[in-house]
Amino acid sequence: MYHIKYLFLILFFSAIQPGNLSAAEIFADSHIHYNWDHREETSTQEVVDILKKHNVGLTIVAGTPSELALELREKGGDWIIPFFSPYIHEAGKRDWYMDEQVIKNADSGLKNGQYFGIGEVHFMNGFQPKTDNRIFLQLIELAGKYRVPMLIHIDSGNEITFQKLCLANPDIKMIFAHAGGNLRAEHIEKILSRCDNVWIDFAARDPWRYGGISKEDHTLLPEWKTLVLKYPDRFITGTDPVWKVTRWSTWDTGDEGWTHYQKLYDYHWTWLNELPEEVRQKIAWKNTQAILKK
Ligand SMILES: [Zn+2]
């Protein structure tokens, strides 16, 4: 008998607290990873449970190695959208750009409909590879052939490198991963104004890792808010629960990133909730659907 009373109480209180309601809004977590070192800490079933509990209705996932993203979809269902990661073995991030097998795997995985995009591909300032390397150019060709988007992380000091890519491939949808680092709002604005085929992602810009987009209260810095409001159709975000990027990490243990999901999720909803409703719904949900639409 008591539990029915409690249920009414809960319903009553949740109905009069609009703040709580928006937190339960459907969310496209547009940038997650499920890597070999995540699996040591968190099973596919646990990841699916975490996402469901947070009302994630759609998620883009990349695995290292790539097949781990497929395992997650198999466990969770077709709302989990695997991208083909060119990191086809545990240390693939180091040698993918010299490995012909990457192209073979990408071609077959895209052809048989297992993957719905390509990425994440990283280019770090001062390191190999560069964006003109042969394997990467072939991946771009495959994205065109199979009409799938690419998730690209470019850490250069200005917008030129990425802008060259998006201008040279106007028919390929490109997601610029982790905006808010070396490229500031003024750089991103140049990309957005010149390339209609680009979307901007704010994953991993929380204060516990890279920061760069928000104030202490976790709402957007004025320059980013202005840009988001100017281009509300062009931004997406995600939690990106990779934890080994922090300075406390040790490299001989698994990655416990998925255990931090709640605070990453809360962080993104804090800045989202400060935006006008229509803009918030676009960034949290609708824009990701537009990217994935063929
Ligand atoms: Zn990532």
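The structure this text deals with has already been given above.
Trainee: Please explain the packing of helix α10 (residues 185-194) against helix α11 (residues 222-230) as it appears in this structure.
Mentor: Any two packed helices are characterised by how steeply their axes cross, that is the angle between the axes, and by the distance between the axes. It is at 10 Å that the axes of α10 and α11 come closest, and there the two elements cross at 15 degrees. It follows that α10 is roughly parallel to α11 by the angle criterion. As for the relative orientation of α10 and α11, their crossing is left-handed in sense. Contacts between α10 and α11 involve Ala185, Ile188, Glu189 and Leu192 from the first element and Glu223, Trp224, Leu227 and Lys230 from the second. Across the contact of α10 with α11, the residue classes break down as five nonpolar, no polar and three charged.

Trainee: Looking at this model, I keep getting lost on the sheet that holds strand β1 (residues 27-33). Mind explaining?
Mentor: Two orientations exist for strands paired in a sheet by backbone hydrogen bonds: parallel and antiparallel. Strand order in the open sheet made by the three strands is β1-β2-β3, with parallel pairing throughout. Every interior strand has two partners, whereas the edge strands, β1 and β3 (80-82), have only one. Taken pair by pair, the neighbouring strands of this sheet meet at an average axis angle of 20 degrees, ignoring direction. With three bridges connecting them, strand β2 (residues 56-62) and β3 associate as parallel partners. Opposite Val61, over in β3, you have Pro82 as the bridge partner. The strands touched by helix α5 (residues 67-76) within the sheet are β1, β2 and β3, with β3 carrying the most contacts at an inclination of about 160 degrees.

Trainee: Looking at this model, I keep getting lost on the coordination of the zinc ion. Mind explaining?
Mentor: For a metal with four tetrahedral donors the ideal donor-metal-donor angle is 109.5 degrees, whereas six octahedral donors ideally subtend 90 or 180 degrees. Donor atoms from the polypeptide that bind the zinc ion are His31 (NE2), His33 (NE2) and Glu120 (OE), placed at 2.0 to 2.1 Å. Between the donor residues of the zinc ion, the gaps in sequence give the motif H-x1-H-x86-E. Highlighted residues: His33 in strand β1 and Glu120 in strand β4 (residues 118-123), separated in sequence by 87 residues. Comparing His33 with Glu120 shows no difference in burial state: the two are buried.

Trainee: Hey, could you run me through the packing of aromatic side chains in this one?
Mentor: Each aromatic ring pair is summarised here by two numbers: the centre-to-centre distance and the angle between the ring planes. Scanning the model with the defined rule gives 16 aromatic pairs in all. By the ring-pair criterion, three or more aromatic residues cluster together here, those being Phe27, Trp258, Tyr261, Tyr265 and Trp269.

Trainee: Please clarify how the side chain of His38 should be interpreted in this entry.
Mentor: With respect to the secondary-structure elements, His38 resides in helix α3 (residues 36-39). Polar contacts involving the side chain of His38 include one to the main-chain carbonyl oxygen of Pro241, which spans 2.7 Å. When sequence neighbours within four positions are dropped, the list of residues in contact with His38 reads His33, Pro241, Val242, Asp255, Gly257 and Trp258.

Trainee: Which parts of the structure should I look at to understand the sheet that holds strand β5 (residues 150-154)?
Mentor: If you trace the five strands from one edge of the open sheet to the other, you get β4-β5-β6-β7-β8, paired in parallel fashion. Strands at the two margins of the open sheet, each flanked by one partner only, are β4 and β8 (235-236). In this sheet, strand β6 (residues 174-176) lies alongside β5 in parallel orientation, the contact comprising three bridges. Directly across from Met150, in β6, lies its bridge partner Met174.

What counts and what doesn't
Residues numbered from 1 in each chain as written. Predicted model: local features only at pLDDT ≥ 70, side-chain atom pairs only at ≥ 80, totals over all residues. Heavy atoms only, no water. Axes fitted to C-alpha atoms, helices over the stretch in contact; angles between N-to-C directions. Helix = DSSP H or I, 4+ residues; strand = E, 2+ residues; numbered from the N terminus. Parallel < 35°, antiparallel > 145°, perpendicular 65-115°, else oblique. Left-handed = near helix turned anticlockwise from the far one by under 90°. Contact = heavy atoms within 4.5 Å. Nonpolar A, V, L, I, M, F, W, Y, C, P; charged D, E, K, R; others polar. Pairing = 2+ DSSP bridges. Donors = N, O, S within 2.8 Å, 3.2 Å for Na, K, Ca; no water. Buried < 20%, exposed > 50% of the residue type's maximum accessible area, 1.4 Å probe, protein only. Phe/Tyr/Trp six-rings, centres within 6.5 Å; stacked < 30°, edge-to-face > 60°. Polar contact = N/O pair within 3.5 Å; in protein donor to acceptor, adjacent residues only side chain to side chain.

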